[in-house]
Amino acid sequence: MWQFQPRTFIPWYLQLISPLIAVFLTILLGMGLFSFLGKDPFHAMHVFFLSPLSDGYNMGELLVKTAPMLLCAIGLALCYQANLWNIGAEGQLLIGAVVGSAVSLQFSDSAISVWLALISGILAGMCWSGIAIALRQWFNSNIILSTIMLNYIALYTLQWAVHGPLKDPAGMGFPESAMFSDNQLLPILIENTRVHLGVLFALLAAILCWVLLRFTWLGFQIRVLGHDESSAHYAGFSIRRLRWGIMLLSGALAGLAGACEVSGPIGQLVPSVSPGYGYAAIIVAWLGRLHPIGMCISGLFLGLIYMGGDMAQIDLGVPTAITGLFQGSLLFLLLASDFLLRYRLVKVKSKETQHG
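Residues numbered from 1 in each chain as written. Predicted model: local features only at pLDDT ≥ 70, side-chain atom pairs only at ≥ 80, totals over all residues. Heavy atoms only, no water.

S.K.: Just to check I follow, could you spell out the packing of aromatic side chains for this structure?
M.R.: We describe a pair of aromatic rings using the distance from one ring centre to the other and the angle between the two ring planes. Per the counting criterion, the structure on display carries 13 aromatic pairs. For the ring pair Phe48 and Phe49, a centre distance of 5.5 Å and an interplane angle of 50 degrees mean the geometry is tilted. Judged by relative accessible area, Phe49 falls into the buried class, the value being 11%. Measuring from ring centre to ring centre gives 5.4 Å for Trp217 and Phe220, while their planes differ by 25 degrees; the resulting arrangement is stacked. (Phe/Tyr/Trp six-rings, centres within 6.5 Å; stacked < 30°, edge-to-face > 60°. Buried < 20%, exposed > 50% of the residue type's maximum accessible area, 1.4 Å probe, protein only.)

S.K.: Explain the nonpolar core to me, please; I cannot follow it from the model alone.
M.R.: Where a protein is soluble and globular, its nonpolar side chains tend to be buried together. Counting residues in hydrophobic clusters, the biggest one holds 98 residues, and the most contacted among them are Phe34, Leu269, Leu302 and Leu330. Tallying contributions element by element places helix H3 (residues 56-81) first for this core, with 13 residues. (Core = buried A, V, L, I, M, F, W, Y, C linked by side-chain atoms within 4.5 Å. Helix = DSSP H or I, 4+ residues; strand = E, 2+ residues; numbered from the N terminus.)

S.K.: How should unusual backbone geometry be read in this particular structure?
M.R.: What is expected of a backbone is that most residues other than glycine have negative phi and most peptide bonds are trans. Despite not being glycine, Asn140 shows a phi value in the positive range, around 55 degrees. Considering the arrangement of structural elements, one finds Asn140 in the loop between helix H5 (113-139) and helix H6 (143-163). Here the phi dihedral of Asn192 falls at roughly 65 degrees; this positive angle occurs in a residue that is not glycine. Relative to the elements of secondary structure, Asn192 occurs in the loop between H6 and helix H7 (197-215).

S.K.: What am I meant to see in the environment of Ile305 here?
M.R.: Along the polypeptide, Ile305 turns up in helix H12 (residues 292-315). Judged by its relative accessible area of 0%, Ile305 falls in the buried class. The sequence separation of Ile305 and Lys65 amounts to 240 residues, and the corresponding C-alpha distance is 9.8 Å. When neighbours within four sequence positions are excluded, Ile305 is seen to be in contact with Phe48, Phe49, Thr323, Phe326, Gln327 and Leu330. (Contact = heavy atoms within 4.5 Å.)

In short, shape yes, function no, at least from these values alone.
This is how it looks when you write it as structure tokens:
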């Protein structure tokens, strides 16, 4: 009889290699898929992973795609470090985009319109994540289920906003807000690209997250809480306060990502403000091993997949759903690699054999 047993020792280098194995297997799986579809697999991989890096503009687009995922992933990583299974970054991002757009349109003539939009997006994301942690703390609800449900509510709030109060009266019936003016947009950092200030926010957030977890007392408390809640309780840490703070910070980062999207590359509120950045951020966080540097690298890789999906649609004539297929395969193979890293398959004798 075969069964999985936990490994007593896992070398540190295997924990680093596991994501690389998952990426390698995902690429192999992708090549097999393109072969099945009748496409040249090597040309398809070139389109997917090398064409997006062909010139400076595309490199800038890669940073633009990576920024919202990285902001969300950093918040999620803090939650996961503390054993808070927050799946709600997508909803917090969408609510940040909706509220940020509403404030931006309301104060469109103000010189500080874009900053008001960013602040309101942050506060909206914090409030949205606050609902989930309040349900967890006061009613002991499952935070995974509550954050997923809140994602759907946020999505339909966005749909209501673009079809109702925020719809552009001069938009010829399209469900979208009016285009933002220059004073409502984030400044561009690199000329002839769309690299905006939100990219700098994401990089700054990664650095601050690293400092927080590595050098501060608060970061130490977060790590202890994640490893052993009873030890954190015995040490006198305020577990309730820690959970509240982590969730609100995570919501703030996701809300900032949403506000940056509408005030940056999109320039208005549209139903497709996020192609699933909040969900992709979960993969970014785990692929990067919940480490800020790792998440920067994995965020770039996921951004590459998003861009490659768009280019493959044009060059190879495949649907953009191929992007989701790549993401799903990557997450599945990463989880499988981690499972085989922590457990080994051994043959054990059944009770009948032992007694016989």
